[in-house]
Amino acid sequence: MGSGPQSLAAALDSVGPEGLATSVANVLGTRIPKTLVGGPGDVRRLVDALGGVQVNVPETIDVVEGGLQRTLFSRGVTTMDGERFLAFLTQQVPGQNELERVAR
């Protein structure tokens with residue numbers, strides 16, 4: 001029986017990494033073949049150890065800071081180091097919910 005909407009962190013605590021991956025995959029209509037759970041430092045170190053990762057940024061992400069608009073991530077394929085990849089994964093965008101952020 002489902003428990004209704006909850007944060008991804010709460011779902012991870014509730015059903016574990018495989019259950020969370022299955023839930024997210026079902027909502028997104030995709031397949032997640034493997035899961036890896038780690039904190040921000042773990043993600044950063046893993047990506048840096050790999051020499052960076054190629055990311056297909058689905059849409060340009062702009063923010064307004066101090067009245068000025070700046071682009072954080074431009075649409076298209078780019079290589080990111082661990083710090084940049086972590087920022088991409090966790091960047092909150094106004095009007096975008098947690099699941100939309102994960103889909104990014």
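Worth saying up front: this structure is predicted, and the values here are computed from it rather than measured. (Residues numbered from 1 in each chain as written. Predicted model: local features only at pLDDT ≥ 70, side-chain atom pairs only at ≥ 80, totals over all residues. Heavy atoms only, no water.)

Overview of the pattern of salt bridges
One pass over the full model with this rule turns up three salt bridges. When the shortest N-O distance is used, the salt bridge between R44 and E83 registers 2.6 Å. Here R44, found in helix α2 (residues 40-49), pairs with E83, found in helix α3 (residues 82-90); they are 39 residues apart in sequence, far enough to count as distant. Taking the relative accessible area as the measure of exposure, R44 reaches 28% and is therefore partly exposed. Close ionic contact of R70 with E65 constitutes a salt bridge, the shortest N to O distance being 2.8 Å. Residue R70 is classed as partly exposed on the basis of its relative accessible area, which comes to 43%. The class for E65 is partly exposed, based on a relative accessible area of 43%. (Salt bridge = Lys/Arg side-chain N within 4 Å of Asp/Glu carboxyl O. Helix = DSSP H or I, 4+ residues; strand = E, 2+ residues; numbered from the N terminus. Buried < 20%, exposed > 50% of the residue type's maximum accessible area, 1.4 Å probe, protein only.)

Some thoughts on α3
Along α3, the residues that are buried comprise G82, F85, L86 and F88. Seen from one end, α3 has its buried residues packed into an arc of 160 degrees, which puts them on one side. The secondary structure elements touched by the buried residues of α3 are α2, β1 (53-57), β2 (61-65), β3 (68-73) and β4 (76-80). Where α3 begins, the capping side chain belongs to D81, and its oxygen is found 3.3 Å from the backbone nitrogen of E83. (Arc of directions from axis to C-beta. Contact = heavy atoms within 4.5 Å. Polar contact = N/O pair within 3.5 Å; in protein donor to acceptor, adjacent residues only side chain to side chain.)

Description of the packing of α2 against α3
Close contact between α2 and α3 brings their axes to 8 Å; oriented N to C, the two are set at 130 degrees. In this view, α2 runs oblique relative to α3, as classed from their interaxial angle. Crossing of α2 against α3: the hand is right-handed. Here P40, V43, R44, V47 and D48 of α2 lie close against α3, whose contacting residues are G82, E83, F85, L86 and L89. In the contact of α2 with α3, the residues fall into six nonpolar, one polar and three charged. (Axes fitted to C-alpha atoms, helices over the stretch in contact; angles between N-to-C directions. Parallel < 35°, antiparallel > 145°, perpendicular 65-115°, else oblique. Left-handed = near helix turned anticlockwise from the far one by under 90°. Nonpolar A, V, L, I, M, F, W, Y, C, P; charged D, E, K, R; others polar.)

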